[in-house]
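Take a look at the letters that make up each chain.
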Amino acid sequence: MPETSDAPLLSKVLHGKRALVIGIANEQSIAYGCARVFRQLGADLAITYLNDKARPYVEPLAQALEARIFAPCDFSHSGELEEVFGQIEKRWGRLDIALHSVAYAPREDLRGRLVDSSDEGFKVAMDISCHSFIRMARLAEPLMTEGGTLIAMSYHGANKVVPHYNLMGPVKAALESTVRYLAYELGPKDIRVHAVSPGPLKTRAASGLKDFDVLLADATERSPIGELIDIDDVGLTTAFLATPFARRLTGTTTYVDGGLSIMA
Ligand code: NAD
């Protein structure tokens, strides 16, 4: 199993925890960095893949992480998410962690100005990138019998205008607001809800954004840390949020961006 350089520092703090990870497309995926750290910390994993085309890329990664459940999940196919939770209920009877690391907008809408976005494109982007997190929370709630952690991936474009982020800006703003409302509603059940906001990372989803290389160069130049973050950095912070070390944290957006977002 691949390990982060910090592995020796980490104990098995998630031993016995069951984690669902949605959003691995390949080994560059942020979700893969998270799954890797969850596993290193002792969690058992349920991993999904988008469809038959994606399966050959995701399956070896799921095998390396000894995933107990491996199932298809396309949010736009009704019933697939329910089927994943059905398998979790049957096999585990409960769930502790659920990660949503998914974003999608039709290319034409993503590449164009927000003001020109189509009704359908905006709806699809909102459904796949935001409302699916609500559906995931609804299915997770009855299985999080001992409390739990729900995590969604956001981006700074939710709060500030990042050129070329276009309609994903308002979609991520809705996602961060969703995190706050879910945290409020599920808090009494000890289900904590988080947004994690990574700095730019070269992944397949990011390659859909115009001039993404400019964002990467800017992040390297302007962030206080002075270098790009990687998926292990996001994985470590995301895993931290699921541990008892973060037991009184909920509803907030945690940046993993080397400090980039504090800069003017
Ligand atoms: P990625 O392409 O590796 O992951 C995106 C995932 O979304 C893929 O696994 C894909 O299969 C999945 N997906 C797309 N449509 C789906 C659908 N209909 N149903 C289910 N899954 C679907 O890219 P990534 O950069 O790892 O993106 C993961 C998350 O991180 C996204 O929410 C993204 O907005 C966020 N993020 C990325 C960056 C970055 O710079 N890469 C920065 C901040 C936040």
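Residues numbered from 1 in each chain as written. Predicted model: local features only at pLDDT ≥ 70, side-chain atom pairs only at ≥ 80, totals over all residues. Heavy atoms only, no water.

> Before we move on, can you summarise the environment of Gly147 with the specific residues and values?
The residue Gly147 is located in the loop between helix H5 (119-140) and strand E5 (148-153) in this model. As for Gly147 and Arg192, which are separated by 45 residues in sequence, their C-alpha atoms are 7.7 Å apart. Not counting residues up to four positions away in its chain, the partners in contact with Gly147 are Leu95, Asp96, Lys189, Asp190 and Ile191. (Helix = DSSP H or I, 4+ residues; strand = E, 2+ residues; numbered from the N terminus. Contact = heavy atoms within 4.5 Å.)

> Help me get a handle on the side chain of Ser117, residues and values and all.
Structurally, Ser117 can be placed in the loop between helix H4 (107-111) and H5. Among the polar contacts listed, one links the side chain of Ser117 to the backbone oxygen of Leu114, at a separation of 2.8 Å. Contacts of Ser117, omitting those with residues within four sequence positions, involve Asp109, Phe122 and Leu167. (Polar contact = N/O pair within 3.5 Å; in protein donor to acceptor, adjacent residues only side chain to side chain.)

> Tell me what's going on with the nonpolar core, and back it up with residues and numbers.
Counting residues in each nonpolar core, the largest one holds 34 residues, and the members touching the most others are Val21, Ile24, Phe38, Leu45, Ile47, Leu99 and Val234. Breaking this core down by element, the ones donating at least two residues are strand E1 (18-22), helix H1 (30-40), strand E2 (44-49), helix H2 (55-64), strand E4 (97-100), E5 and helix H8 (231-241). With seven residues, H1 is the largest single contributor of residues to this core. Residues within four places of Ile24 in sequence aside, it is in contact with Ser29, Ala31, Tyr32, Ala35, Ile47, Thr48, Val58 and Leu61. Judged by nonpolar contacts, the second largest core, of 33 residues, contains Leu20, Ile22, Met136 and Leu175. (Core = buried A, V, L, I, M, F, W, Y, C linked by side-chain atoms within 4.5 Å. Buried < 20%, exposed > 50% of the residue type's maximum accessible area, 1.4 Å probe, protein only.)

> Kindly report on helix H6 (residues 168-186), identifying the contributing residues and their values.
Taking 1.5 Å of rise per residue, 19 residues should cover 27 Å, and H6 covers 26 Å from first to last C-alpha, within 8% of that figure. Along H6, the residues that are buried comprise Met168, Gly169, Val171, Lys172, Leu175, Glu176, Thr178, Val179, Leu182, Ala183 and Leu186. Looking at the buried residues of H6, the elements they touch are H4, H5, E5, strand E6 (191-198) and strand E7 (253-256). (Expected span 1.5 Å × (residues − 1).)

> Give me the lowdown on the sheet that holds strand E3 (residues 69-72), citing residues and values where you can.
By way of backbone hydrogen bonds, the strands of a sheet pair with one another, either parallel or antiparallel. With parallel pairing, seven strands are arranged side by side in an open sheet as E3-E2-E1-E4-E5-E6-E7. Pairing within the sheet leaves two strands with one partner each, and these edge strands are E3 and E7. Here the strands of the sheet are splayed against their neighbours by 20 degrees on average, with no regard to which way each runs. The pairing of E2 with E3 spans four bridges and is parallel. Note on E3: the bridge partner recorded for Thr48 is Ala71. The sheet strands contacting H2 are E2 and E3, and the helix crosses E2 at an angle near 175 degrees. (Pairing = 2+ DSSP bridges. Axes fitted to C-alpha atoms, helices over the stretch in contact; angles between N-to-C directions.)

> Describe unusual backbone geometry, listing the residues and the values that go with them.
A positive phi angle, close to 80 degrees, is found at His164, a residue other than glycine. Within the secondary structure, His164 is located in the loop between E5 and H6. On the accessibility criterion, His164 (29% relative accessible area) is partly exposed. Positive phi is not limited to glycine here, since Asp211 has a value of about 55 degrees.

> If you had to explain the packing of H5 against H6 to someone new, which residues and values would you point to?
As a packed pair, H5 and H6 sit with axes 10 Å apart at the nearest point and diverge in direction by 15 degrees. Here H5 is positioned roughly parallel relative to H6, judged by the angle of their axes. Of the two possible hands of crossing, H5 and H6 adopt the one that is right-handed. Across the interface between the two elements, Phe122, Ala125, Met126, Ser129, Cys130, Phe133, Ile134 and Ala137 of H5 pack against Met168, Pro170, Val171, Ala174, Leu175, Thr178, Val179, Leu182 and Leu186 of H6. Considered class by class, the residues forming the contact of H5 with H6 number 15 nonpolar, two polar and no charged. (Parallel < 35°, antiparallel > 145°, perpendicular 65-115°, else oblique. Left-handed = near helix turned anticlockwise from the far one by under 90°. Nonpolar A, V, L, I, M, F, W, Y, C, P; charged D, E, K, R; others polar.)

> For the site of the ligand, give the residues involved together with the corresponding values.
Inspection of the region around the ligand gives 27 residues, with Ser29, Phe75, Ser154, Leu201 and Thr203 positioned closest. For the ligand, an oxygen atom lies 2.8 Å from a polar atom in the backbone of Leu201. The contact in question runs from an oxygen atom of the ligand to an N or O atom on the backbone of Ala205, over 3.0 Å. (Near = heavy atom within 4 Å.)

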